[in-house]
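Chains, contacts and geometry: an overview
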Amino acid sequence: MTTTTSHGTPETPRTPRLSGRTRAASGAERLPSAWWLGLHQGALELKQFFRQREQGVFTFAFPVVLLFLFASIFKDDVEDAGITASQLYVAAMIGAGIMSISFQSLGIAIAMERDEQVLRRLRGTPMPPVSYFLGKVWLVLITGLLETLVLLVVGATMFDLDLPTSPEKWLTFAWIFVLGLTGCALLGVAVSSVPRSGRSASSVVVLPFLVLQFISGVYIAIDTVPDWMLTLGALFPLKWMCQGFRGVFLPESAQVLEQAGSWEYGRIALVLTAWCVGGLALCLLTFRWKSRRDG
Amino acid sequence: MTTHQPAVDVRGLCKRYGPVTAVDGIDLTVTHGEVFGILGPNGAGKSTTVEILQGHRTRDGGEVSVLGADPATADRAWRARVGIVWQDESAPAELTVRETVSHFARYYPRPRRPQDVLDLVGLQEKADSRIKALSGGQRRRLDVALGIIGDPSLLLLDEPTTGFDPAARRQFWDVIRALADEGTTVVLTTHYLQEAEALADRLAVIARGRVVAEGEPAALRREYGSEAVVEWTEPGSGPRKLRTTTPTRTVAELMSRFDGEIPGLRISRPSLEDVYLRLTGQDDGPKSEEDER
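Here the structure is a predicted model, which means the values were calculated and not measured. Along each chain, the written sequence defines residue order, and numbers are assigned to residues from 1. Naming scheme: in the order in which they are written, chains are lettered from A and ligands are numbered from 1. Owing to the predicted nature of the model, reporting of local features is limited to residues with pLDDT of at least 70; listing and counting of side-chain atom pairs is limited to 80 or more, with chain, interface and lining totals taken over all residues.

Considering the overall build of chain B
For the record, the criterion: Helix and strand definitions follow DSSP, with helices as H or I runs of at least four residues and strands as E runs of at least two, each counted in order from the N terminus. As a rule, residues whose C-beta atom has 12 or fewer other C-beta atoms within 10 Å are exposed, those with 20 or more are buried, and those in between are partly exposed; C-beta atoms are placed from the backbone. Residues are treated as contacting if the C-beta atoms built from their backbones sit within 7 Å of each other.
Along chain B, the regular secondary structure elements total ten helices and twelve strands. Taken over 293 residues, chain B has a buried fraction of 40%. Taking as baseline every contact in chain B between residues at least 6 positions apart, the subset at least 24 positions apart corresponds to 67%.

Let's talk about the confidence of the model for chain A
Residues and elements named next belong to chain A. Applied cut-off: Each residue carries a pLDDT value, the predictor's own confidence for that position, ranging from 0 to 100.
When pLDDT is averaged across chain A, the result is 86; 89% of the residues are at 70 or more. Mean pLDDT values over the elements of chain A span from 83, in strand 1 (residues 77-78), up to 95, in helix 6 (residues 167-191). Every residue in residues 1-28 scores below 50 in pLDDT, and together they form 30 contacts with partners more than four places removed in sequence or on other chains.

Details of the domain arrangement of chain B
Put simply, the rule is: Domain start and stop positions are those given by an automatic or database domain assignment.
The domains assigned to chain B are domain 1 (8-222) and domain 2 (226-269). On a C-alpha basis, the centres of domain 1 of chain B and domain 2 of chain B stand 45 Å from each other.

Focus on the packing of helix 8 (residues 217-224) of chain B against helix 10 (residues 272-279) of chain B
Each packed pair of helices is defined by two parameters, the angle between the axes and the distance between the axes. Residues and elements named next belong to chain B. Just so we agree on the cut-off: The angle between two axes is taken between their N-to-C directions and runs from 0 to 180 degrees, where each axis is a line fitted to C-alpha atoms and a helix contributes only its stretch in contact. Convention used here: angles under 35 degrees read as roughly parallel, angles over 145 as roughly antiparallel, angles from 65 to 115 as roughly perpendicular, and any remaining angle as oblique. Here the nonpolar group is Ala, Val, Leu, Ile, Met, Phe, Trp, Tyr, Cys and Pro; Asp, Glu, Lys and Arg are the charged ones; every other residue, Gly included, is treated as polar.
Two numbers describe how helix 8 lies on helix 10: the axes approach to 10 Å, and their chain directions differ by 70°. With respect to helix 10, the element helix 8 is oriented roughly perpendicular. Contacts between helix 8 and helix 10 pair P217, L220, R221 and Y224 from the former with L272, V275 and L279 from the latter. In the contact of helix 8 with helix 10, the residues fall into six nonpolar, no polar and one charged.

What to know about the nonpolar core
Using the following cut-off: A set of buried residues drawn from Ala, Val, Leu, Ile, Met, Phe, Trp, Tyr and Cys, joined through C-beta atoms within 7 Å, is what defines a nonpolar core.
In terms of nonpolar packing, the biggest core is built from 69 residues, with A145, L156, V186 and V187 of chain B touching the most fellow members. Excluding anything up to four places from it in sequence, V186 of chain B contacts V35, F36, L155, I176, L179 and A180 of chain B. Among the nonpolar cores identified, the runner-up in size contains 64 residues, and Y89, M99, L151 and V189 of chain A belong to it.

Points about the confidence of the model for chain B
All names here are of chain B. Overall, the predicted model of chain B reaches an average pLDDT of 87, with 95% of residues at or above 70. Within chain B, the lowest mean pLDDT, 78, falls on helix 10, and the highest, 96, falls on helix 3 (residues 97-105). Throughout residues 285-293 the model reports pLDDT below 50, and contacts reaching past four residues in sequence, or to other chains, amount to nine contacts. Overall fold confidence (pTM) sits at 0.81, and the ipTM for the predicted complex is 0.81.

Looking at the environment of L279 of chain B
Secondary-structure assignment places L279 of chain B in helix 10. Distance from L279 of chain B to A80 of chain B, taken between C-alpha atoms, is 37 Å for residues 199 residues apart in sequence.

Notes on the pairing of strand 11 (residues 238-244) of chain B
All names here are of chain B. Applied cut-off: DSSP bridges decide pairing: two strands pair if at least two such bridges lie between them.
The buried fraction of strand 11 amounts to zero of the seven residues, a small share that puts the element mostly on the outside. Relative to strand 11, strand 10 (residues 228-234) is paired through seven bridges, and the arrangement is antiparallel. Residue pairing across strands places W232 opposite R240, the latter belonging to strand 11. Counted along the chain from strand 10 to the antiparallel partner strand 11, the turn is three residues long, and its residue G236 has a positive phi close to 95°.

Re helix 9 (residues 237-249) of chain A
Our working definition: An expected span of 1.5 Å times one less than the residue number is assigned to each helix.
With 13 residues, helix 9 of chain A extends 18 Å from end C-alpha to end C-alpha; this agrees with the ideal 18 Å at 1.5 Å per step. Summarising burial for helix 9 of chain A: 13 of the 13 residues are buried, a large majority.

Thoughts on the sheet that holds strand 4 (residues 61-66) of chain B
Residue and element names in this part refer to chain B. The antiparallel open sheet is built from three strands, whose spatial order is 2-1-4. One side of each edge strand has no neighbouring strand; the edge strands of this open sheet are strand 2 (20-30) and strand 4. The sheet shows a mean angle of 25° between the axes of neighbouring strands, direction not considered. Examined bridge by bridge, strand 1 (residues 8-17) and strand 4 share five bridges and lie antiparallel to one another. Counted as the bridge partner of C14 is G61 from strand 4. Here helix 1 (residues 46-54) sits on the sheet in contact with strand 1, strand 2 and strand 4, set at roughly 120° to strand 1.

Rendered as C-alpha cells:
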C-alpha cells in the first residue's frame, strides 16, 4: 500500500485508500429531489432545535409563562361577554405563540445562519434552495403545533377554556393556523435579512414583535387598546390570528368585544392570505445567501 | 466533458471593491488531474479569485470557465462536481460529525461513503462527537470532509491549513495527495510557500492582483533563482556581497587575489522563499505605494 505519488514522496501508510466508489462513466445522473431533501432538511432542523435545549425551552416557555401571568392576574368576568379575561388571554397567546415560533424564531435563526456562513456553505452544494425553505417549513409546522398544544392544555386545565367539539370550529382553527403560520414564517424569513449581523438579530426582531403584540390585543384586552393602535395592528397578521382563535375558543357572546362586533372570518382569510402572498414576494426579492461583509 | 478542455480556464479576470482593484487581469489554466497552487501574500487577491471560481463572487471583467461552465450561472449538476473548502467555515454545532457528513452526502447524486471520508480525513474517532466539541484542527478536517463528500472532480480550497500545527498540516497534505492520486483536480490558495512546494504540480504566484510568475516549483526556482550570492570579507573594508550568475568565476578571481583562503567566504543560491519574496515585492519589507487589500 506504499505507493509513490506523483510528488515523488512515498505515501504514508496512515493515509487510507479510498474505497467503495466508482466514477460514473456517463453524465446521466439524477440529482436528489427537492421535496425528498426538504424532508431530510426538516428532520435535521428539528434535531438541532431540540438539542439546543436552552433555545427550545425558552421558545416554548415564553408564551406559556406569559399566559400564566396574565391569565392569573386578570381573571375577572368580562362585562356582557359571558367570559373571563383568562379565556381571552388563552386565545390571544395561542396567536402570539405561533408567531413567536415562526416569525421570531426564524428571523433570528436565519440571520445567525447567514452570519455564520451556514447559508453560504449550503449554497456551495447542489442542494436546491427550495429544500432549505421546506426544511424551515417543517420545523415551524411541528414546533408550532407543539406550542399550540401546550397552550391549549394549560388553557383548558387551568383557565376554563372550553375546547370546541364541532368539526367546523376545528376546521376554522386549522386554516387560521396554517395561513397565519405561513404568513408569519415568510415574514420571519424576510426580516432575517434586516440585521447587519447574527448578534444584533434578536434585538432587531424582538422589539417590533413585542410592540406588535401590544397593538394586536395580545397583552392588553382588545377592548382596552386604543382604536388607532388596533388599526395599526390590523395591518399585520397577528391581530387577525388572535381574533380568529377567539372565534374558535370563545362563546359567540364574546363577539361584542371585537372592534367590528363580529369574528370577521372572511376578512381574516383575506388578510392572512395577502400576507402569505406578499411575504413570499418579499422573501424572493430580499433573501440573501451571503452576509453583508461578503458583498 | 471534453478531455482537452482545461478544468479551469481564466482570461483577464478583474474584480474591484470600490476604488480598490483586488484582481487586476489574472490568467490561469489548470488541466484535469493537476494540483494547482495559488501562492501569494495576504491581500494579493487569492481568495477573491477562488471565490469567483466557486461562483460565490461576481466579477467585473474577464472570461471564466470552470469544468466547462461559467460559475456565475452554473446549475446544480455543476455544483455537484465542484467541492469547496472555504477559508472561514462553520458547521451546525449541535449535530455530530457523522450526522453532518451523512446529511451532506444526500445532496449529491453519487457521494462517497461517509465512513470512507471520515477515515480519509482522520475523524473516525470523532464521528459521534458533537461538532461544538471539536478542536479547531478537527473542524477544519470536517470542512474538508464536507468539501469532498460529493466526490467532486474539482476541489477548490481557500487557505485550507491556516492555523494548523505542523503535524496536522502534514496529515492534510497526505489527504490532498490521496485525492490527487485518484484524479481529482485540486486548486488551492496558500500563503505558505512550503505548502505550495509540497503539494502543487504547478503554481501561480500572485501579488497585488496580478500573476507575477507561473510554472512548476522547480522551474520557477531555476528561472528566477539563477543568480547566486557570493559573500566574503575584504580586509580593511569589511563584508562584501556580490550577486552574480557566474559565482565560480568570482571565486576564482578572489582566490587569485587572496592567494589561499578567502576570509568569510559564503556562496548561496536563493531558496524558493527568496524567489517568492522577491517576486511578491516583500523582500524589502511591505510595499506602501499600493493598497494591499
